[in-house]
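Here is what each chain is made of, one letter per residue.
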Amino acid sequence: MIIKELTSTDLPRYRMHILDFLIDTYCSNFSISRELAEKISQEKIEALEKYIHDGSATVLTAIYDDELAGFIWLYKHVYFGEPRLHINQIAVNPKHRGKGIGTLLIREAENCARSFRINTIDLNVSECNPIAINLYLKLGFATERRYMTKQIAGDIDGE
């Protein structure tokens, strides 16, 4: 397994795989249609291209037998005055899940945080993804806040 940073020149080689991983992630973790997942994922990868090019994102890839096995998308931000490294997206190829790739990518994110002199990594996780939640808990993450929604019954537009 090789972990390497994705550069602008590497991106075309892995673009379709990253797009597929994003679509899979959105379909499996959110109650949205494949069509919407594809649209969101296309927008995400276009933004990712820009962010890699301008240096505002770091993407680490896990390469196994010359194949993209997973990736983690990171960016620096400030939360209530504290510099943090945010895990925007982590995805592992379905055929490589359960092999420790997610753990390896998060460990590499920790190394990035250290190199940036950042003490805190944060992320969002879907409540309907218990495998990811358990991984993050095992790796020392703790719930800091919770994003909640409420569906309003009735037709708002047709009142």
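Reading guide: rules and limits
Every chain begins its residue count from 1, and numbering advances along the sequence as written. Restriction of local features to residues with pLDDT of at least 70 applies here, the model being predicted, together with a cutoff of 80 or more for giving and counting side-chain atom pairs; totals for whole chains, interfaces and linings are based on all residues. The basis for every side-chain value is the complete set of non-hydrogen atoms in the structure, without hydrogens or water. Numbering of helices and strands starts at the N terminus; helices are DSSP runs of H or I of at least 4 residues and strands are runs of E of at least 2. The quantity called the radius of gyration is restricted to C-alpha atoms. Its globule counterpart is 2.2 Å times the number of residues to the power 0.38. Relative accessibility under 20% of the residue-type maximum defines a buried residue, over 50% an exposed one, and the middle range a partly exposed one, all with a 1.4 Å probe and only protein chains included. Contacts described as polar in this section are N or O atom pairs within 3.5 Å, which, within protein, must combine one atom able to donate a hydrogen with one able to accept it, while residues neighboring in sequence count only if both atoms come from side chains. Contact criterion: two residues are considered in contact whenever any of their non-hydrogen atoms come within 4.5 Å of each other. Helix span, as expected, comes to 1.5 Å for every residue beyond the first. With axes taken as lines fitted to C-alpha atoms, and helix axes fitted only over the stretch in contact, angles between N-to-C directions fall between 0 and 180 degrees. Between 65 and 115 degrees an angle is taken as roughly perpendicular, under 35 as roughly parallel, over 145 as roughly antiparallel, and anywhere else as oblique. Note on convention: the crossing is left-handed when the near helix lies turned anticlockwise from the far helix by less than a right angle, right-handed when the turn is clockwise. Throughout, the ten residues Ala, Val, Leu, Ile, Met, Phe, Trp, Tyr, Cys and Pro are labelled nonpolar, Asp, Glu, Lys and Arg are labelled charged, and all others, Gly among them, are labelled polar. The criterion for an aromatic pair is that two Phe, Tyr or Trp rings (for Trp, the six-membered ring) have centres within 6.5 Å, with stacked assigned to planes under 30 degrees apart, edge-to-face to planes over 60 apart and tilted to the rest. Whether a charge sits over a ring depends on NZ of Lys or CZ of Arg being within 6 Å of the ring centre and within 35 degrees of the ring normal.

So, on to the overall build of the protein. When you go through the protein residue by residue, the secondary structure sums to four helices and five strands. For the protein, the sequential pattern of α-helices and β-strands runs β-α-α-β-β-β-α-β-α. Compactness check: the protein gives a C-alpha radius of gyration of 17 Å against a globular reference of 15 Å for 159 residues, within 12% of the reference. Counting only C-alpha atoms, the protein reaches 55 × 35 × 35 Å along its principal axes. Classification of the 159 residues of the protein by burial places 39% in the buried group.

Before going further, it helps to spend a moment on the side chain of His86. Looking at the secondary structure, you find His86 in strand E4 (residues 82-92). A distance of 2.7 Å separates a polar atom in the side chain of His86 from a polar atom in the side chain of Asp122. With residues near it in sequence (within four places) discarded, His86 still touches Trp73, Leu74, Tyr75, His77, Asp122, Leu123 and Asn124.

Moving on, we get to the environment of Tyr64. Among the structural elements, Tyr64 can be located in strand E2 (residues 58-64). Sequence-wise, Tyr64 and Ile40 are 24 residues apart; in three dimensions their C-alpha atoms are separated by 27 Å. In contact with Tyr64, other than residues within four places in its own chain, are Met1, Ala69 and His96.

Turning our attention to helix H3 (residues 101-115). The α-helix advances 3.6 residues per turn, and as a result positions three or four apart in sequence lie on the same side. Between its first and last C-alpha atoms H3 spans 21 Å; for 15 residues at 1.5 Å apiece the expected length is 21 Å, and the two agree. Those residues of H3 that sit buried are Ile101, Gly102, Leu105, Ile106, Ala109, Glu110, Cys112 and Ala113. Note on H3: the residue one or two positions beyond its end, Arg117, has a positive phi of about 60°.

Turning our eyes to something else, we now look at the packing of helix H1 (residues 11-29) against helix H2 (residues 34-54). One can describe the packing of H1 onto H2 by two numbers: an axis separation of 8 Å at closest approach and a directional angle of 140°. Judged on the interaxial angle alone, H2 and H1 are oblique. At the point where H1 passes H2, the crossing takes the right-handed sense. Together, Leu11, Arg15, Ile18, Leu19, Leu22, Ile23, Tyr26 and Cys27 of H1 and Arg34, Ala37, Glu38, Ile40, Ser41, Gln42, Lys44, Ile45, Glu46, Leu48, Glu49 and Ile52 of H2 make up the contact between the two elements. Along the lines of polarity and charge, the residues of the contact of H1 with H2 split into twelve nonpolar, two polar and six charged.

Moving on, we get to the packing of H3 against helix H4 (residues 130-138). Axis separation between H3 and H4 bottoms out at 11 Å; the angle between their running directions is 45°. Here H3 lies oblique to H4, going by the angle between them. Considering how the two elements wind past one another, H3 and H4 form a crossing that is right-handed. Counted together, Gly102, Thr103 and Ile106 of H3 and Leu135, Tyr136 and Lys138 of H4 form the full contact between these two elements. The class makeup of the residues in the contact of H3 with H4 is three nonpolar, two polar and one charged.

Let us look at the packing of aromatic side chains. Counted under the stated rule, the structure contains five aromatic pairs. On the basis of an interplanar angle of 10° and a centroid distance of 6.5 Å, the ring pair of Phe21 and Phe71 is categorised as stacked. A residue pair is termed long-range when its members are at least 10 positions apart, and Phe21 in helix H1 and Phe71 in strand E3 (residues 67-79) qualify at 50 residues. The residues Phe21 and Phe71 share a single accessibility class, namely buried. Its end group placed over the ring of Trp73, Lys44 keeps NZ or CZ at 5.3 Å from the ring centre. Between Lys99 and the ring centre of Tyr64, over which it is positioned, the NZ or CZ distance is 5.5 Å.

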